[in-house]
Every structure is written in structure tokens, then in C-alpha cells.
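Observations on the model geometry
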Amino acid sequence: MLPALTCLGVSGAKAVAHAPGSLVRTRGRDWVVLPSREVDVLKLRPLTGGESETIGVYLPLEERTVTSTSFAPPDMALAGDTVGAGLLLDAARLSLRSGAAPFRSLGRISVVPRPYQLVPLVMALRLDPVRLLIADDVGVGKTIEALLIARELLDRGIARRIGVICPASLCDQWQREMSEKFALEAIVVQPSRIARLERDLPRPDLSIYDYYPHLVASIDFVKSDKNRAHFARSGPDLIIVDEAHGAARPRGDRRQVEQQRYDFLRELTADPSRHVLLVTATPHSGVEESFRSLLGLLDPAFDRADGELDTKRLLRHMVQRRRSDVEHWLGEDTPFPKRVPAEKTYSLSAPYRALFEDVVAYCRESVQIGARVGQAQQRVRYWAAIALLRCVLSSPAAAVAVLERRRGKAGDATPLDDANDVDAAFLPQVLDGQADETPADYVPAAPLEMAEANLNVSERRRLSGFLQRANELAGPENDRKLAAVASAVSDLLATGFRPIVFCRFIPTAKYLETWLPKLLLKDFPGLVAKAVTGELGDDERRVRVAELANEERRVLVATDCLSEGINLQDHFDAVLHYDLPWNPNRLEQREGRVDRFGQPAPEVRAVILHGSDNEVDLVVREVLIRKARLIRKRLNVSVPVPAETEQVVQAVVNTILLRGPRSGVQLQLALESPEVNELHRAMDQAADREEKQRAYFAQHAIKPDEIAQELRATDAVLGDPATVQRFLANAAQRFRGELRSARKPSTYELTPGVMSERLALRGFRFPLPIVFDRLKDPAAEFVGRTHSITAAYADAVIGAALAPGGSDLFSRVGATYTDAASVRTGVALLRIRYVLRERDEDEFAEEIVLAAFERNDDELRWIEPLEERARALLEATRPLANMPLADRQAHVQWALGLLEGEGWFAPLVDGRVKELQESHQRLRKLTRAGALTVRPHIPPDVLGCYVLVPIGRR
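1. Some thoughts on the overall build of the chain
For the chain, the helix and strand inventory stands at 35 helices and 30 strands. Burial status across the chain gives 58% buried among its 954 residues. Summing over all exposed atoms, the chain offers an accessible surface of approximately 39,300 Å²; the carbon and sulfur share of this is 49%.

2. Quick look at the sheet that holds strand S23 (residues 768-771)
Spatial ordering of the open sheet is given by S21-S22-S23-S24, a layout of 4 strands whose pairing is mixed. In this open sheet, the two strands that pair with only one neighbour each are strand S21 (738-741) and strand S24 (781-782). Across 3 bridges, strand S22 (residues 748-751) lies against S23 in antiparallel orientation. Considered in S23, the bridge of Glu749 is made with Pro769. Against the sheet, helix H30 (residues 721-734) touches S21, S22 and S23, its axis set at about 125° to S21.

3. Overview of the packing of aromatic side chains
As enumerated under the stated definition, the model contains 12 aromatic pairs in all. With a centroid separation of 5.5 Å and an interplanar angle of 70°, the aromatic rings of Tyr209 and Phe231 are classed as edge-to-face. In this pair, Tyr209 sits in helix H8 (residues 208-211) while Phe231 sits in helix H10 (residues 228-234), placing the two residues 22 residues apart along the sequence. Residue classification places Tyr209 among the buried positions, given a relative accessible area of 4%. Residue Phe231 is classed as buried on the basis of its relative accessible area of 0%. Ring centres of Tyr382 and Trp383 lie 5.1 Å apart, and the angle between their planes is 75°; this geometry places the pair in the edge-to-face category. Assessed through its relative accessible area of 5%, Tyr382 is described here as buried. Three or more aromatic residues link up through ring pairs in this structure, and these residues are Phe853, Trp862, Trp894, Trp904 and Phe905.

4. As for the nonpolar core
Core analysis: the biggest nonpolar cluster contains 92 residues, and Leu388, Val485, Leu512, Val555, Leu576 and Tyr578 have the highest contact counts within it. With near-sequence residues (within four places) excluded, Val485 lies in contact with Val501, Leu512, Leu516, Leu576, Tyr578 and Leu609.

5. Thoughts on empty space enclosed by the protein
For the structure on display, the rule yields 8 cavities of 30 Å³ or more. Of the volumes computed, that of the largest cavity is approximately 130 Å³. As for the largest cavity, its lining consists of 14 residues, of which Arg390, Leu393, Ser394, Asp579 and Asp617 are closest to the centre. The element best represented in the lining of the largest cavity is helix H16 (residues 375-394), accounting for 3 residues. Class assignment of the residues belonging to the lining of the largest cavity gives a composition of 7 nonpolar, 2 polar and 5 charged.

6. Concerning helix H17 (residues 396-406)
The periodicity of an α-helix, 3.6 residues per turn, causes residues three or four places apart in sequence to face the same way. Counted residue by residue, H17 has 8 buried out of 11 residues, so it is predominantly covered. Looking only at H17, the buried set comprises Pro396, Ala398, Ala399, Val400, Ala401, Val402, Leu403 and Arg406.

7. A look at the packing of H30 against helix H32 (residues 788-802)
Packed helices, taken two at a time, are described by the angle their axes make and the gap between the axes. Interaxial distance between H30 and H32 falls to 10 Å at its minimum, and their mutual angle equals 55°. Between H30 and H32, the interaxial angle falls into the category oblique. Of the two elements, H30 crosses H32, and the hand of that crossing is left-handed. Together, Val724, Phe727, Leu728, Ala731 and Ala732 of H30 and Ile789, Thr790, Tyr793, Ala794 and Val797 of H32 make up the contact between the two elements. In terms of residue class, the contact of H30 with H32 is made up of 9 nonpolar, 1 polar and no charged.

8. Section: the sheet that holds strand S5 (residues 67-68)
Here 5 strands make up an open sheet; going across it, the order is S4-S3-S2-S1-S5 and the pairing antiparallel. Two strands close off the open sheet at either side, each with one partner strand: strand S4 (55-58) and S5. Relative to S4, strand S3 (residues 41-46) runs antiparallel, the two being bridged by 4 bridges. When the sheet's bridge partners are listed, Lys43 is paired in S4 with Gly56.

9. Concerning the pairing of strand S10 (residues 238-242)
The element S10 is extensively covered by neighbouring structure, given that 5 of its 5 residues are classed as buried. Side-chain alternation along S10 places Leu238, Ile240 and Asp242 on one buried face and Ile239 and Val241 on a second face that is also buried. Inspection of the sheet shows strand S7 (residues 162-166) paired to S10 by 4 bridges, in the parallel sense. Each bridged residue has a counterpart across the sheet, and for Val164 the counterpart in S10 is Ile240. Where S10 lies against strand S11 (residues 275-279), 5 bridges are found, and the strand directions are parallel. Across the sheet, the residue bridging to Val241 is Leu278, located in S11.

10. What about the side chain of Asp573?
When you line up the elements, Asp573 lands in the loop between strand S18 (554-559) and strand S19 (574-577). A distance of 2.7 Å separates a polar atom in the side chain of Asp573 from the backbone nitrogen of Arg498. Ignoring anything within four residues of it in the chain, the contact list for Asp573 reads Gly496, Phe497, Arg498, Val594, Gln599, Ala601, Glu603, Val604 and Arg605.

11. Focus: H30
With 14 residues, H30 should reach 20 Å at 1.5 Å per residue; the first-to-last C-alpha distance of 20 Å fits that figure. Inspection of H30 places Thr723, Val724, Phe727, Leu728, Ala731 and Ala732 among the buried residues, and these make up the whole buried set. Across the axial projection of H30, the buried residues extend over an arc of 145°, all falling on one side. A positive backbone phi angle near 65° is found at Arg736, which sits one or two residues after H30.

12. Describing the pattern of salt bridges
For side chains of opposite charge, pairing can occur when their charged atoms come near one another. Per the stated rule, a full pass over the model turns up 51 salt bridges. For Glu603, the salt bridge goes to Arg605, with nearest N and O atoms at 2.8 Å. What makes Arg605 partly exposed here is its relative accessible area of 26%. A salt bridge links Glu738 to Arg740, with the nearest nitrogen and oxygen atoms 3.3 Å apart. Taking the relative accessible area as the measure of exposure, Glu738 reaches 39% and is therefore partly exposed. Judged by its relative accessible area of 30%, Arg740 is partly exposed.

13. Focus: the confidence of the model for the chain
In this model, the chain carries an average pLDDT of 84, and 88% of its residues clear a pLDDT of 70 or more. Every residue in residues 1-16 is under pLDDT 50, and counting partners more than four places away or in other chains gives 28 contacts.

Thresholds applied
- Residues numbered from 1 in each chain as written.
- Predicted model: local features only at pLDDT ≥ 70, side-chain atom pairs only at ≥ 80, totals over all residues.
- Heavy atoms only, no water.
- Helix = DSSP H or I, 4+ residues; strand = E, 2+ residues; numbered from the N terminus.
- Buried < 20%, exposed > 50% of the residue type's maximum accessible area, 1.4 Å probe, protein only.
- Areas by Shrake-Rupley, 256 points an atom, 1.4 Å probe, with all protein chains shown as cover.
- Pairing = 2+ DSSP bridges.
- Contact = heavy atoms within 4.5 Å.
- Axes fitted to C-alpha atoms, helices over the stretch in contact; angles between N-to-C directions.
- Phe/Tyr/Trp six-rings, centres within 6.5 Å; stacked < 30°, edge-to-face > 60°.
- Core = buried A, V, L, I, M, F, W, Y, C linked by side-chain atoms within 4.5 Å.
- 1 Å grid on protein atoms, 1.4 Å probe; cavity = no way out; pocket = protein on both sides within 12 Å on 5 of 7 lines; lining within 4 Å.
- Points joined across faces, edges and corners; volume = space filled by probe spheres on them.
- Nonpolar A, V, L, I, M, F, W, Y, C, P; charged D, E, K, R; others polar.
- Parallel < 35°, antiparallel > 145°, perpendicular 65-115°, else oblique.
- Left-handed = near helix turned anticlockwise from the far one by under 90°.
- Polar contact = N/O pair within 3.5 Å; in protein donor to acceptor, adjacent residues only side chain to side chain.
- Expected span 1.5 Å × (residues − 1).
- Arc of directions from axis to C-beta.
- Salt bridge = Lys/Arg side-chain N within 4 Å of Asp/Glu carboxyl O.
- pLDDT = per-residue confidence, 0-100.

If you want it as C-alpha cells, here you go:
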């Protein structure tokens, strides 16, 4: 027997009795002792309850009321059959939180991580403090990887509080991911919620930054002068920064917002004890200075302009993998969809072409006139011309909206006297900017409004004429772009795809929302098209998408406001670009919302719609999009377009539209201009850099087989969706309720029976639609292993089984006649409590063990392999005959007698301690951590004991 077995029995000195994992009795109830950071506070979890009922006992006042106790053995008088054995086993496993396996957090999460997603966790456990850049490809699961690290650091006591800093549009998504998948309840820090959060503070001297344990904060809110210093001083000790590239130090002084974000993060990371996870799929934007600044948040030594980057040192702090790196990792396939690009063209109708050419002529003349009225006004006219062109090419609705907005606005707009101020104000509105910026989808009317005051009568008359003509172009007869999108959507629907149509402007999205059903309902009865734009709040967008997801035939029309923040892959599998973005980064961002892990379709479509006789579309397609797609095809990953894209777009637009008559020669000159050539050279350099960088930082040194054993060791801790479904179905029935199939496939309705009152207190109304796979029905409640419904049923089952007097519904002991066993065989359901000791600190851990045994020469003999053999016996057991109560009790007495012998548990516990010690040691070798000892409490808790009796034996 291992020496550890003699250390933590149920009797002994008071210090031992109060050791983590020991059992005590106080306040009329039995408890498990948990580790406490306060010397005078005894932290206790109910023996028959969940973690939500954990309390603290202040020993100076209540020490005399706390006594040692032991786990009550089963009562053989309550012997039933073995039907309840599987239910009690599932309840015990699903309620397990403090698992004893090396990865301590897996008992508290409801997601089953892909094997490759544990690589960043192994890397993090090697660092002190944890400073890591997670730069895996879009759709690989960076959120899961970051939260796995956060949950593990919390459960190991390395970190105490989590703060997620992200764009405002992603706050709600992070909060849901933390709650649903990682049992982490976080508050969202945004301007609209501050007042309520402050009202909930228990004392006026506290702030939200030091009171709430876990925060999700909008970076542009907390970076403000009012919040940044307090957050840096009182904020969480573990910070996750999502879309971290948007907070890199910008080159020069053009981007004040990014500079403020960077200054805020630099202040946060100046605390050397703070753990930091940077998350982005595009860490390098093409500006080396910005990339170095991002790395400098991990270690200031990386942020040096002189000399080569120390990549060997950086390797410890950065992981960057393509999908191809993880698709077949550890012998497990990760099904990423195949992205199939396509193009569809249209030509302008005669009336539309005439309007377009007249607008181009007007724009060219307007800019030329602007050159005579001052530099600032020239830039105003320049941006007004580009804005008008973009709207006219988007849709008649967008053209009407921008032209109507400028009427009557003369004098309303605040004038800008400096050309640089004009560019700074209007460039983000008219061009697409960087993909990390919050996209504006309103029509860019401000330049036209400001230009209005300096327009002559002829110019205003021409703009009014454009407005009248644009109003007459709506509909497929004159708007062939609309007809083309209807044809493309029809093709997608006919082949089973569920498309998203992305537009640039709100009026265009509403225009398509109106026209697509009119054009397609005949061929697709019941088709529903809905638009989601920036006019809607985050919650409204989410509700509208969820409502649309319930429609069998559906088309989502969206602006770029929806390219982040909602998991669109759950409901859609095709993207159609109605308006080409003038930055390929935005193109990838759109397509990446459906082309990612979790997409149930094996193939996603990405269709580009462009004009065959439209010079602007031709330039954007040839100069930007086709080049970006060629690079993606080569690398199997998208490369961020260099920051100079905006200047290149301006240059080619100037060449095509604003400098003299247009011709094929003019177009060819634009495509071969020095600016375009320089951009393509920079994109090729970026592709070469990305290829080398991703190969180097893919962390191939961490071998799959080094993690394989640890994953197998945790399999018993994680209950998969099938386990949760089986458990709820059986438990609901035992509590006079029902889990029945709903009309939708894979969707169920839960009627809780006598559990109604307990579950109603958690805010649920019944019958409740639920799913065990969140992809099946987003409108239903997703119930995983850590969901409050699962926890409530598990606590109820265990509580009823272990209550004084027992329960005939959840008997802890039983016997049955069966042909599953050839000799009389016992199956024990055991809980082993451990103390894991490291660095003079103790942590509590436990595991559920199912083990079969026989009698051999009057002694108990465990049947190997323990778990597999015991589970196989229970699954194969079918009652073949009724067994009288007296016989059941006799068989149970035989089994319990074997479990009361001297050291009956020693071989089993010895083996488990040895396996756990070796498992922890393997992981600690990977993470280069110090030694850890595993000490069990003995004897194990006998939760249940069931006897399988061969038919014919009495």
C-alpha cells in the first residue's frame, strides 16, 4: 500500500479532519472541505449538493460545531434492482467539477475541446506569468483556446479574475461563450450598462472593476481617460484581448483610436504579474512596427526597432496554425468546410449606364472646379464624388438616400478648413478602412452635405436630376444587378444552400429585403428574406437572425455590421457579395463568418457579384480581390492586405474616373500603375512572411501523442451530449416528468414534473424546448453538462439517493438476475477524494470510479480493466426474472461484506494514485512544472453497489 493511503483517513487530528477533501458535519449537514485562502475560514461544499451551495465557516466563532464524519454506507434493506445504477452513475459524473486529471478545468466546461485546442494550454502552463499570442486561422477556435487557458488558470489558483477586452460588437458573444461553455459568469462593461452595474454594488466605495470577479469590456470604453487608470489598478489579473491587432501601435499619427488602445494595453501589461492572452487571426498587418508593438505587450524586449526579432524566444509566446495544421491532429479529424469561390457578372442597363456616365462626368468636373476654390474644399468635393459613385453603383436606393440627404443641408454641416481634417473625417466613411474598425453602413452623405454650400446652381440642378432618375431605376428591368443577385440566390437555394447577401449600405439592404421575395417566391414558396443593419441594436440583430433561422427557406441580407459578433455558421452556409468591399480584409471577414469550425455543411459557397462593364468593380476585382484569393489558394490562409490599400484604391479610382475620358487603355494603365504594382509586391511579401511565420509558430514540437494520454485520462470526467440526453430522459421520468421529441429533428421538450418549482426558480418556463447540440436549433435552450438544468437534476438524484432513509427511485444498492455475468459479480460506484499538493499548497480533487469485482478465496478481486469491464457489464445487463426482496438483500449483503474487509480498496486506490501521479508527471514534463503529489482520502465513498446474479443462482 502506498504511504499516502495512511495519511487522510476519516479519523485523526483536527488538522487532518479539516484537510481539503475530508468530511465534516456542521449546521446539521455533512460537507466536503475545500481549499480556502483564508486561514480562519473553512470552505465547505454540501456532500449532497452542488458548488452553488458552497459556504464559509468562520472558525473562531464556529470551530466547536465542526466535527469529523464519515460517508454513510448503503443500506442493504433498501435493495432494489439495477435500473437506477446508470442514472446514479451519470448524475455523479455530471456533477463532478474538481476532477483529478492533469487538466483541472475539464470538469467545469460543457464543450469537448478538439485535441489541437489544448496546445495553447500546454504552452500557457509553461509560462509565469502567462503571456501568449494566439494567432490561429479564422474559424479554428481561438475563443475556446483562450477560455480553456483562463478556466485552467482559475482552477489551479494561478489566476483569480478574468477580464476580456474586445470590440463592443463582440462583448455579448464573449459573455455567452464564457457562461454556456465554461461556467464563468461575467458582466459586460459598456456605457449603457454602467448605471445598473453601479447600483448593484454593495458599498459606494467599491467600483465595478474591483468588485465583479469576471468582466467583458468594450476596449473603446475602458480606454477612456475616465476608466483606464482605475481598470489598470483594480482590473482582473488575467486579461484576454480579442482582435488584438486593432490595438497595435499605428505607424505615424493617422490613427488616434489605435494609439489610445495601445497606450491602454501597454499600461495594463506594465504590471509584470498580470497574465495576458492576445487573440487575433491577423497579428501582422504588414507594418513591422505595429507587429513589434503587439509582441511588446507580451515582453518589452520584442518591441525594438533595431536588430532581428528573436524568433526562438518568441516561440514560447506565440502559436499560429492554419487549418491544414490541425485538420488531422492526434488521429482525430476536425471537419472544416471546403470554401468554393465563384463569380457572377452583370452589365448595366441603358438607363442605369446613362446615369452612371453622367455621374462620373459630374464628379470629374466637380473635382476640377474644387481645385479653384481652395485645398480643403477640393478634398470635400473629392470625397463627395467618391461617396456618390459608391452609392450609385450599390443600388438605386442608396443613390436616392445620399442625394436626398444632401438637399436642404447647405449650412447645416460644420465646415472643415484643413485638408487633412477633411481626409480624416471622410476617408473612414467613404472607403472601407481596416477590417477591425466598426463598419459604418449608413450612406456617406456628410461630404455631399458639406459640399452643398459651395455648389453653383447648375451643379445643384444636375444632382436633383440624378435623384429623379435614380428613383426610376428600382426593379429588375432597369437594375440588372438586382436581377443578377436574384438569379444567384435562386441557384444557391435550388442546390440547398442558405445564403447571406452582404451589402455596403443600409438602403441597399432594405432594397433587397423588399425585392428578393417578390422575385423568388414563385419558385421558392415560403421564402423569407430579412435585413440586419446597423440601425438595429446588438440584441435586435441577434433576435432577427434567430427568427430567420427558424424558416426553412431563408435569405439573410446584411451589412458589415453583422460580419462579427454572431455565429452565422449555425444557420447559413453561403456568402454572396452584392457590393464588393474595397478592402479584401473585409471580404475575408464576411466569408469567415460561415467558413469556420462548427459549420455543419461540408461545403460553403463564396460568390462575388460584379459589373462586367463597371470600371470600379473591375479595378477592385483585379487589383485587390483576385490577388488576395490567389494568395489564399496558395497558402490555405488569408493574408492581411497591407495598410496602404486605401491610398492604392484612391489612386486607381483617380486614374479611372477623375482624370479625363475613360477608355480601355485608361483602365489598363490603372491596373498597371506604380501604386498597383507596389501593392502587389507588398502583398507577395506579406504572403511569403506569413508562410514562413506560420510554419515556424505552428508548435510542431508539441507532439500529438504527448497529449493523447492526458485526453484519455479526462474522458471519464467529460460527459458527452449523449450522456446528458440519456441522463435527463431517465431522471425526468423518475421525477414524474418527461423528455419527449419535438417536431423539429434533434429538438426536445422537457416537462419537469415534481422538479417544476426548483427549475422555475432558475427562470425557466415549461414545457421547455431544449437541444443537446447547439447547432440543431438555436432558438431552443442548449443544455450541456454544466447547464443549470443538468446540475439541478444531478443534485436532486444524488440528494435523493444519499438522503437518510434512501429512495426507492434511486436505490444505491440492487441485484438482478441476468446473463451478462457467468458468476456472481458486484459493480461498485465509488468516489475517491484526493489532495493534490504542490508548492506547499493543497488543492481538492475527486473522481468517480466504476469497478466490477468477484469473490476469490473469500477475498474481493477487482476485474480488469476496471472502468471498461464494469460499464460493459451494466450496459449488457437485462433483468431476466423477478428477484424476491429477501434474495436481493442477501446478494447485496454479500457484496457489501466484501467492501468492508481489511484494505478492500487498496489495490484499486493504489492503481488510481499511480496512474494519476504518472499522468500529472507527463503533463508537468511538457509544461516544465515542479513536482506534485497525489494523496487519497480512504476509504473511498461507496455511492452504490449492484450485484449481477447469473440466472438460476439463488
